[in-house]
Amino acid sequence: MAGAGASGREKRATAARLKAALSGGGGESGAAAELQALLERALAPAPGGGEAAAEALEWCRCLLSGGEPWEGFVQAVRAYDPATLCGLVWTANFVAYRCRTCGISPCMSLCAECFHQGEHAGHDYNMFRSQAGGACDCGDGNVMREAGFCKRHRMKSSSNVPCVPKDLLMMSELVLPQFIFSLIQYLREGYNEPALDLPSEKDLHRILQMLEPHVSFLEDLTKMGGAMRSVLTQVLTNQQFYKDLSSGLAGATTTSGQGESSDEEDQDGSQGVGKRKRVKLSSSTKDQSIMDVLKHKCFLEELLFWTIKYEFPQKMVTFLLNMLPDQDYKIAFTKTFVQHYAFIMKTLKKSHESDTMSNRIVHISVQLFSNEELARQVTEECQLLDIMVTVLLYMMESCLIKSELQDEENSLHVVVNCGEALLKNNTYWPLVSDFINILSHQSVAKKFLEDHSLLVTWMNFVSFFQGMNLNKRELNEHVEFESQTYYAAFAAELEACAQPMWGLLSHCKVRETQEYTRNVVRYCLEALQDWFDAINFVDEPAPNQVTFHLPLHRYYAMFLSKAVKCQELDLDSILPDQEMLMKLMIHPLQIQASLSEIHSNMWVRNGLQIKGQAMTYVQSHFCNSMIDPDIYLLQVCASRLDPDYFISSVFERFKVVDLLTMASQHQNTVLDSEHERSMLEGALTFLVILLSLRVHLGMTDDEILRAEMVAQLCMNDRTHSSLLDLIPENPNPKSGIVPGSLSFESMLSAVADFKAPVFEPGGSMQQGMYTPKADIWDKEFDPVMVILRTVYRRDVQSAMDRYTAFLKQSGKFPGNPWPPYKKRTPLHPSYKGLMKLLHCKTLHIVLFTLLYKILMDHQNLSEHVLCMVLYLIELGLEDSPEQESDEEDSVGEHERCHDSWFPDNNLVSNMRHFINYVRVRVPETAPEVKREPPASTSSDGLASSQSPRRSKSLQRENSGTAQVFSLVAERRKKFQEIINRNSSEASQVVRPKTSMKWSAPGATPQLTTAILEIKESILSLLIKLHHKLSGKQNSYYPPWFDDMEVLIQPEIPKYSHGDGMTAVERILLKAAVQSRLNKRIIEEICRKVTPPVPPKKISPAEKKTLDKEERRQKARERQQKLLAEFASRQKSFMETAMDVESPDADIAMEIATSEQHVSEAVYDCVICGQSGPSTEDRPTGLVVLLQASSVLGQCRNSTEPKKLPTSEEEQIYPSDTCAAVHDVRLTTLQRYFKDSSCLQAVSIGWEGGVYVQTCGHTLHIDCHKSYMESLRNDQVLQGFSVDKGEFTCPLCRQFANSVLPCYPGNSVERSLLQCHSNKSMQDLIKEVEELQEQLGTFPVSISSETNLSKEMESVMKDIKSTTQKKYTDYSKTPGSPDNDFLFMYSVARTNLELELVHRGGNLCLGGASTAGKRSCLNQLFHVLAMHMRLYSIDSAYNPWRKLTQLMQDRNSQMSSEELPEVPVLYRDVSSLLLIQILTMPQPLCKEHFTCIVKVLFTLLYTQALAAFSVKCSAEDRVAWKNSGALKKNTSNGEKSWEALLSHVISELSKGKMFEEGETEELAMVSSSVWSPESIECYLQQFCLPFLRITCLLQHHLFGGDLPSCQEDEEFTVLTNCLGLLPSSFQSPHQFTSASCLEWPVPAFNMISQWCLELASFADRHAEQVKVLLIQEPKWDLPCLLQLPENYNTIFQYYHRKTCTVCTKVPKDPAVCLVCGTFVCLKGLCCKQQSYCECVLHSQNCGAGTGIFLLINASVIIIIRGHRFCLWGSVYLDAHGEEDRDLRRGKPLYICKERYKVLEQQWVSHTFDHINKRWGPHYNGL
């Protein structure tokens, strides 16, 4: 028998032999035994580790395939795969898709491949990054609709897959049980080694590492398809296999093997193989079976057990999930999973890595429980619901603490402790999310709702959260440690209580489900009653404490609401008695009052977290599970309780009862006076919300959605996604209003207009926004809803401001409007009782008192209070009960005895009731005391206000409460009667805890009783108020005097705009309409001329506070004024600074222009503010930003733009960029010619050139130095590094890093230099030469170091160090002066070329330089020239001579070793121009400039002819040579291009120039026939780039505007501007470019001399001659790569792409938008010398500027030198929004305008100025 260490061939032979034997070749039993022994040996847990494992796997492969090659076997098995399901399993961070249109379950997800092969165009889908992992549902009809299946999984292929041949998988059936058993043994051993203690995580990790290959092998098997999966299922679930194998080994391993490590919770020691004890659940659980010992009966069970024990290793999870497409397995596995549920919970609680473990658990459970059929089956067969609820209950029981709510000492209630890790880390969420998941299935939820004992248990669970996270108000000092437990508390209530509630509610939508609601409500009320008993609650909540968590109240409220709205249940049949209602309303009301207290800063000593709680409570994700049910519950209580009781409770809770007195002074024992006003506002606002909110009282779902949407849009314009986020939807995903569902979109288009994203240049980029339509403002803006939904109070103000702006704009109301009054939707009949609140005397007394106090200007009242009072009155008139009879009402006697304020309960009649006198209790100091009460105090008009509110207030009489209400005491009595049947108890119950008493500090003055004369009714108060508001006497004039119609058909709009006066008018009109008596009284009041309001007596103390207020107000106004003035100054400055187009508006920079006849240019220093010239001693400088730029190098000579590669075929090669072409040219020249002359024949700086730009502001250089010093000492600066010389311009804050000294120049000189002298060309040439000779005779001699020259040197250093060394050193001998020389004139070239690019590549637009006032070229030239003149050009080599004189042939004398100089025809003319200009003394004479240009133009023209001669074919050449020869001798020969061309051709023919036959590419060009016109055009195009540069240069040196022109005239206009056009020039049509030539020496001799140099070069290197001839290609303007329309194209290609450097898939891939290079962002893999790849690339590709698209985030980042910033995204979704980090995963489309802006900023080098948020990247990107 083959040994375990056999070689591969032996293994295969053995395997083949065994297979043959076993498949019926006789000797089966022997073979079986042999196989058994072999497997036992091969698979025995070997100490060898790795090699042994590999060996074992090798055996398994051989045996499974029966000795065949493994690959062949895999293919064979795959052929039998009936793949109808995809089932691809993925882990965290995988990119998957979810399509809501196709999904049945909300958890449905698809892998990218299935998604792209299905048809989802136009569906509501998004891409997401998997958090916990998942599996592809394609092909599973239970989870998604078939229409969404991809092509692969559409066919039901099971029918046509052939049967699996028996012998194919026969070996598998024998080998796999043994293999899996060995795996389980390994797992057991791993847990068993340390006998004493739990194995450490490291050990477990080691075991898993070791088993990696085994599990991977199993995973590979599952991937072989259905046939292999069914074998595995068979093996895993067959109980016989398990029994046989286990019993065989049991003897050996019983005691040591399986023993569960000693756990503190279940000490079951070692109980033999496969026995596992379930978690001990508390005795409260109803189902004993959950506590049984668990016996494992098959491999699957034990495998899952160990998977849990080892905390769900990823590989195991993937293997278990990969098996799911097998139906039998799925059912078996689900049952096993449910069996182990309690064990999972226990392991999870103990785990250190609970996050990872949670994700893995959900990864599994979501696959099992999303399937309704499966969930139902498990619920029926395995008691899934019982297990889940019990396990949740058990889990929470471990972290309970005693509740401190209400009665701290005797409370029996326990709540969860929010500080425990279990809650803080959301450890419970996997279990809760499973529960929510199964409750979403109707069949399961039904079982839950029918099962009474389950409901009891569940309510028990919910009550653990009732009253958690109790806040106690700090009264003395600020709390030391702000606990953040409230996050945990809110999350727990939402996830563990509210979401299951919404799940259940979604199944109670129809009449047939009434029974369910009755059940829930019944058990909910029982739980609430238990809770009230447990916390010892009677009638008064404990002061100064509040909890925001009342899930039981909310369950009760939501089921009530559903019952009335959907199930047509009678509300009263499910409401409890009055006593219970009174108790129910207390805590929700306490929350509302506390909200008001928190916003009044009464809880400030509790820290910020209490504000956080108040905000979270109303925040969009929580409000419909928290504040909405609370308010609804209060509405229900209000509609069923006595209204007077309810109203007085409200004012008492809000602590403002004492304020409601007629007296002008009062004492409030429970509230500081500074809080009174906001608490009163809070109480009234709460009443308004309570009475006008209809969310649960009869609005339809659509109306609710509309109201929510309008409220959010009125606060601010919103993006689509933030709106989706802000609109509360039932958190249960199946609830109908799913984001993106039709109702949302159609509603949105009905109420809002889309504002497309706009761009303010230089401003922030806007997103697409929705803004309310005009008629929404006009008819639907509802301040009540806005107040209810605002998290921040400032949003209410914002909504009002927007409303005001709308009214002004539309001309509907000019003034300052009040919140509009909106007519409410009708109430559902069940809630009619709510309106009794508006018709109760208590409220009327409050309204009357407040109106009176406002009229008398008492303190602590505000416009807001008045607004709410009027709102309430109007609500009451809106809903007045039956019209009263017109006779004087005979009032029933029933209420008469209690009070004599108002005759009855109807507001309409009470409005006209006159109140004459009121008795009040006031402090003795009050002004009222002095008056004598009138003799006739009619007792009937008195309100006895002394009657105590409750027995407490008797004991408090001396501490002084001035009361208006006798009612409060009455209500108390009523309450006492209800609660206590005998009175003796009552006195005990209400006895207050004296310790809690809080009395006003200081001695309280004695109270006395005073009687006030009032003589007003509500109506008269309203009319006087109107006068007061309008500031005029008799301002109110009843409208029906003019037009009686008003009363008969009152056209009272549903919605009204206006301010307080309009509100009063509206109310009076309504009152008059409703009762003739009222109308009569109004008329009477108006006829009496109302006396002026008595002036208020002001006590000195009040006066003091008033003065203080007034002073504050004035100071505030002053400050506002100053700020406004400053803002306008800044604005006007910004306008001038930004106004690039019109130089005339430029005040900021006064570099004097030639018109001003001042002797010197005057500069303003923006630091010290002095003006003056720049001098040698105190030079002035321009604020400049130097930056290296490779933008020019990115020009391409192809017209069609390069695309970003999105497939392997499209790649970008940089060979056709401008930078590459110039580089190649220089290298070639350096090969054949003398280095120093090469370095003057070209310009560098196409890559890494230095660009200089300025904001145009100047400063003294010494001022700048001290400014930098101060910046250095200022620690707070961010965003730039002072050590690198960076700063922001002190005036306009533009980023800068150097100062360019202004040359002390004479502006008059400048204008003189422009006069034309009539020197001949020859004289000028001579002068130029002489000027060049006198080197270094700069007006500032370098020897005498002046400040100016020092500064010039230092700025030159800055310029040099701006770019990297590799971009400045091109010489073969490093550090040679030629390098510097080349670099300096190239800086000038770079800046000119870039300016040209900014103008669009040509000068057709003309005008002043677009960078007019911002141009610093003039100053830059001075600095460069000063340095250039330090280098002498040996006169023999001075190119000027070569251009202007005929030389004797020097080449013959040259020694052959030395390389020749670069022939003149190979030199770049623009470079020559700059060399000539910069080596002349400055300032330059205009005539010398023109002379230089004329000379160079002749060279340029000759180059053009030479280039053309190479372009055309040999025949053409001969033809032109001959035709031109005739013209040579004419007088005009030198100015005719034919003659010159013919001469060039004949001269060049002397060398070997045209000999080696046409090269292919040139032949192609020549196929087109050249006409004289096309040649003329070619020559002009060739010369244009030089002419443009020269014109710009002239413009900067000598001023003067550039002429504008059409494109086709550009040549003529520019030559004219430069003075090249002969004066004889007349009409344009006969114009030829040659007519501009002016030859210094006879043309043909000159040309011959130049051509000779080429000819002699051609003799030596014929192949290079043509290549080096200057071909001016037409460079396109630089642009970024073109991006595809749809972002997905980029994402799919790049997010899996491997990096070329490190060959890994980067974690953060990015791509360069300039050249398309793919890089790893922040990847350490590609780091070189501490530079990460993006930074490195930005230096190589953009000389320090990089623009990268981050693939995984869709945003663009800019790297500029050592800083970076997030630029934003150029891809927006259908609603014009960015999707940073692809969080929403919606399809994104390119936004062309944004991309244009990005490109614009890149080309114009303005990233530093426009983007504000820069930070250092420390080379880590």
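Residues numbered from 1 in each chain as written. Predicted model: local features only at pLDDT ≥ 70, side-chain atom pairs only at ≥ 80, totals over all residues. Heavy atoms only, no water.

Regarding its fold elements, the protein presents 67 helices and 32 strands. Scored against the burial criterion, the 1821 residues of the protein give a buried share of 57%. Considering only contacts in the protein between residues 6 or more positions apart, those separated by 24 or more positions represent 78%. Counting only carbon and sulfur atoms, one obtains 53% of the accessible surface of the protein, whose full area is about 76300 Å². (Helix = DSSP H or I, 4+ residues; strand = E, 2+ residues; numbered from the N terminus. Buried < 20%, exposed > 50% of the residue type's maximum accessible area, 1.4 Å probe, protein only. Contact = heavy atoms within 4.5 Å. Areas by Shrake-Rupley, 256 points an atom, 1.4 Å probe, with all protein chains shown as cover.)

So, on to the pattern of salt bridges. Counted under the stated rule, the structure contains 59 salt bridges. For Glu1269, the salt bridge identified is with Arg1272, shortest N-O distance 3.1 Å. Taken together, the residues span about one helical turn, with Glu1269 and Arg1272 both in helix α48 (residues 1261-1273) at a distance of 3 residues. For Arg1780, the salt bridge is made with Glu1778, and the minimal N-O distance between the two is 2.7 Å. (Salt bridge = Lys/Arg side-chain N within 4 Å of Asp/Glu carboxyl O.)

Strand pairing in a sheet relies on backbone hydrogen bonds, with the paired strands running either antiparallel or parallel. Ordered in space as β3-β2-β4, the 3 strands form an open sheet in which the pairing is antiparallel. On the outer flanks of this sheet lie β3 (110-111) and β4 (125-129), each paired with one strand and no other. (Pairing = 2+ DSSP bridges.)

What follows is about the packing of helix α16 (residues 384-397) against helix α20 (residues 452-463). At a minimum axis distance of 10 Å, the contact between α16 and α20 shows a crossing angle of 25°. Relative to α20, α16 is oriented roughly parallel. Both α16 and α20 take part in a crossing whose hand is left-handed. Each of Leu385, Asp386, Val389, Leu392, Leu393 and Met396 in α16 lies in contact with α20, whose residues at this interface are Leu454, Thr457, Trp458, Asn460 and Phe461. The residue makeup of the contact of α16 with α20, split by class, is 8 nonpolar, 2 polar and 1 charged. (Axes fitted to C-alpha atoms, helices over the stretch in contact; angles between N-to-C directions. Parallel < 35°, antiparallel > 145°, perpendicular 65-115°, else oblique. Left-handed = near helix turned anticlockwise from the far one by under 90°. Nonpolar A, V, L, I, M, F, W, Y, C, P; charged D, E, K, R; others polar.)

This model, assessed by the stated rule, comprises 50 aromatic pairs. Taking 5.2 Å as the distance between ring centres and 70° as the angle between the ring planes, the aromatic pair formed by Phe461 and Phe465 counts as edge-to-face. Of the residues examined, Phe461 reaches a relative accessible area of 0% and is grouped as buried. Aromatic ring contacts, followed pair by pair, group Tyr486, Tyr487, Phe490, Phe548, Tyr617 and Phe622 into a single cluster. (Phe/Tyr/Trp six-rings, centres within 6.5 Å; stacked < 30°, edge-to-face > 60°.)

Attention shifts here to the pairing of strand β20 (residues 1180-1189). With 10 of 10 residues buried, β20 lies mostly within the body of the structure. Across 9 bridges, β20 lies against strand β21 (residues 1249-1260) in antiparallel orientation. Each residue of the ladder has a partner; that of Thr1180, found in β21, is His1260. Bridge analysis of β20 against strand β24 (residues 1298-1301) gives 4 bridges, and the strand direction is antiparallel. What sits directly across from Val1184, in β24, is Ser1298.

This brings us to the confidence of the model for the protein. In this model, the protein carries a mean pLDDT of 79, and residues with pLDDT of at least 70 account for 80%. For residues 930-967, every residue scores under 50 in pLDDT, and the model assigns this stretch 84 contacts once sequence neighbours within four places are set aside. Confidence over residues 1558-1567 falls short of pLDDT 50; this stretch has 12 contacts with residues more than four positions distant or in other chains. (pLDDT = per-residue confidence, 0-100.)

A few words now on the side chain of Thr1498. Position of Thr1498 relative to the elements: it lies in helix α56 (residues 1486-1511). By relative accessible area, which is 0% here, Thr1498 ends up buried. Once residues within four sequence positions are removed from consideration, Thr1498 is found in contact with Leu1637, Glu1638, Trp1639, Pro1640 and Trp1650.

Within the chain, Asn469 stands out as a residue other than glycine whose phi angle is a positive 50°. Relative to the helices and strands, Asn469 is located in the loop between α20 and β10 (471-472). Take Asn469: its relative accessible area is 14%, and that puts it in the buried class. One non-glycine residue, Asn1819, lies in the positive phi region at around 55°. Turning to its location among the elements, Asn1819 is positioned in the segment after β32 (1815-1816).

Moving on, we come to the environment of Glu1793. Within the fold, Glu1793 resides in helix α66 (residues 1792-1803). Sequence separation between Glu1793 and Val758 is 1035 residues; the distance between their C-alpha atoms is 9.0 Å.

An ideal rise of 1.5 Å per residue puts 22 Å on 16 residues; helix α23 (residues 551-566) measures up with 22 Å between its terminal C-alpha atoms. Glu568 sits one or two positions beyond α23 and adopts a positive phi of about 55°. (Expected span 1.5 Å × (residues − 1).)

Once that is clear, we can look at the side chain of Asn519. Within the secondary structure, Asn519 is located in helix α22 (residues 514-534). Judged by relative accessible area, which is 7%, Asn519 ranks as buried. When sequence neighbours within four positions are dropped, the list of residues in contact with Asn519 reads Leu449, Glu450, His452 and Leu455.

By the criterion of burial, strand β27 (residues 1745-1750) is predominantly enclosed, with 6 of the 6 residues buried. Here β27 shows a buried face lined by Thr1745, Ile1747 and Leu1749 and a second buried face lined by Gly1746, Phe1748 and Leu1750. Pairing geometry for strand β25 (residues 1709-1712) and β27, over 3 bridges, is antiparallel. Of the residues in β27, the one forming a bridge with Val1711 is Leu1749. Sheet topology places β27 next to strand β28 (residues 1756-1760); 5 bridges connect them, and they run antiparallel. Residue Phe1748 lies in a different strand from β28, and its bridge partner there is Ile1757.

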